[in-house]
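Chains, contacts and geometry: an overview
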Amino acid sequence: MPPAWTRRFRPGTGATGREKLRQREFAVDDAEVKPYFPLDAMVRAAFDCAQRLFGLRFTPREDLVLYHPDARAYEVHDAAGRAVGLFIQDNFARTSKRSGAWMSALAVQGRNGGEVLPVILNTNNFAQATPSLLGFDDVRTLFHEFGHGLHGLLSNVTYTQLAGTSVLRDFVELPSQLFEHWMSEPEVLRQHARHVETGEPIPGALVDRLRAAERFGEAYETVRYCGSAIVDMAVHRHPDPASVTDWSAFEEQVLEQRGLPHATGINHRLTHFQHLFSSSGYAAGYYVYLWAEVLDADAWNAFQEAGSPFDAAVAERLKRCIYSVGNSVEPGQAFRNFRGRDPVIEPLLRQKGLL
Ligand SMILES: [Zn+2]
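Residues numbered from 1 in each chain as written. Predicted model: local features only at pLDDT ≥ 70, side-chain atom pairs only at ≥ 80, totals over all residues. Heavy atoms only, no water.

Before going further, it helps to examine the pattern of salt bridges. Where side chains of opposite charge bring their charged atoms close, a pairing between them can arise. Taken as a whole and judged by the stated rule, the model has 20 salt bridges. One salt bridge connects Glu 187 with Arg 52, and the closest N-O pair in it is separated by 2.9 Å. Of this pair, Glu 187 sits in helix H6 (residues 186-192) while Arg 52 sits in helix H3 (residues 39-54), and the two are 135 residues apart along the sequence. Classification of Glu 187 as partly exposed rests on a relative accessible area of 27%. Judged by its relative accessible area of 37%, Arg 52 falls in the partly exposed class. Here Asp 63 ties to Arg 61 by a salt bridge, and the two come within 2.8 Å at their closest N and O atoms. Look at Arg 61 and you get partly exposed, because its relative accessible area is 25%. (Salt bridge = Lys/Arg side-chain N within 4 Å of Asp/Glu carboxyl O. Helix = DSSP H or I, 4+ residues; strand = E, 2+ residues; numbered from the N terminus. Buried < 20%, exposed > 50% of the residue type's maximum accessible area, 1.4 Å probe, protein only.)

What follows is the structure, encoded as structure tokens:
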């Protein structure tokens, strides 16, 4: 079944020592960062990027009565003024709300049985305040879910069942993870990440520190992640799982064969690998986040090769080949249509500082 909603997921780290070291080495005080990221400005930044890339305009519809006063509705039009759909954002935490951040399609785009324009909901759980200020990771979440939102809004297919985010799980995170790249683009930050009191743009040195903190420990984390992904695959490929009496020994054997350094460990031991058992849709699926990163890093690289994060020709191809096709084109072919070739891993290795 295609996912009905998409939730931002970062494979968890069990590496608390690494986290402590990261905080010690790259301590970035929230109080120093947050004044540069007012929620309203970051929403405008996301809309601005969608306009510059895909020609979309977001017009508030304050007259629409929604399910909660926190939710905001926007009518979305394309560059030619044609209606694209309705976008709803529900940003604040409240006690009745599930935690996390996700995208839902309340109406899925389609043309079978009459034209249906999409109604897309982005849900976040930011702390409500006046003004509401975000941390760097919150901004990433906002852009990530908005990327899923654009996948739903830009959908342009005939059959509802093939629309928007109804794609394979290792492909659904491409439009969302890719959109995260624009939030930390210098020209986007200069324009939108301005101090809530002084209006000064965020200092470049502070952005460098935030990025360095994010990149810290990538090699270690990637090895731990791959260890768990490999074990997940091995379990699901086992020809006779009922014959295994000691899964810890099985895990050990798989990792030994792959040469995993013993001291590194893996993110999730088999006996508490919750991701595998959440639903059958997650079985043998722990690899998908890293694979989606391969795709998004390579896709982002297309803009870098073109010399601009808003290169019009690349953006047009991205919209036509990826964001609008849903599952109407086989994902590998969709990527080839966009990039002119199969994905390569080098852009991700560079992005992680591993090349
Ligand atoms: Zn996601």
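Here we take up the coordination of the zinc ion. With distances of 2.1 to 2.8 Å, the protein atoms coordinating the zinc ion are His 144 (NE2), His 148 (NE2), Glu 173 (OE) and Glu 173 (OE). Here the zinc ion binds four donor atoms, and the angle range of 51 to 141 degrees at the metal identifies the geometry as irregular. Binding-site remark: the zinc ion is held by donors from one chain whose sequence spacing is H-x3-H-x24-E. Linking His 144 in helix H4 (residues 136-153) with Glu 173 in helix H5 (residues 169-183), this pair joins segments that are 29 residues apart in sequence. Like Glu 173, His 144 is buried. (Donors = N, O, S within 2.8 Å, 3.2 Å for Na, K, Ca; no water. Tetrahedral: all angles 85-135°; square planar, octahedral: opposite > 155°, others 65-115°.)

So, on to the packing of helix H8 (residues 218-237) against helix H9 (residues 247-258). Two elements in contact, H8 and H9, have axes whose closest approach is 10 Å; the angle formed by their N-to-C orientations is 115 degrees. In this structure, H8 meets H9 at a crossing whose hand is right-handed. Packed against H8, whose contacting residues are Gly 227, Ile 230, Val 231, Ala 234 and Val 235, the element H9 presents Trp 247, Phe 250, Glu 251, Val 254, Leu 255 and Arg 258 at the interface. Class assignment for the residues of the contact of H8 with H9 results in eight nonpolar, one polar and two charged. (Axes fitted to C-alpha atoms, helices over the stretch in contact; angles between N-to-C directions. Left-handed = near helix turned anticlockwise from the far one by under 90°. Contact = heavy atoms within 4.5 Å. Nonpolar A, V, L, I, M, F, W, Y, C, P; charged D, E, K, R; others polar.)

Taken across its 10 residues, strand E4 (residues 83-92) has nine buried, putting it largely inside the fold. Taken together, the six bridges between strand E3 (residues 72-77) and E4 define a ladder with antiparallel strand orientation. Of the residues in E4, the one forming a bridge with Ala 73 is Ile 88. Here E3 hands over to E4 after five residues, with Gly 81 in that stretch at a positive phi of 85 degrees. (Pairing = 2+ DSSP bridges.)

Now for unusual backbone geometry. Backbone torsion omega between Thr 130 and Pro 131 reads -5 degrees, so that peptide bond is classified as cis. Relative to the elements of secondary structure, Pro 131 occurs in the loop between strand E6 (119-126) and H4. One non-glycine residue, Ala 284, adopts positive backbone phi at about 55 degrees. Mapped onto the elements, Ala 284 comes out in the loop between helix H10 (274-277) and helix H11 (288-306). Residue classification places Ala 284 among the partly exposed positions, given a relative accessible area of 22%.

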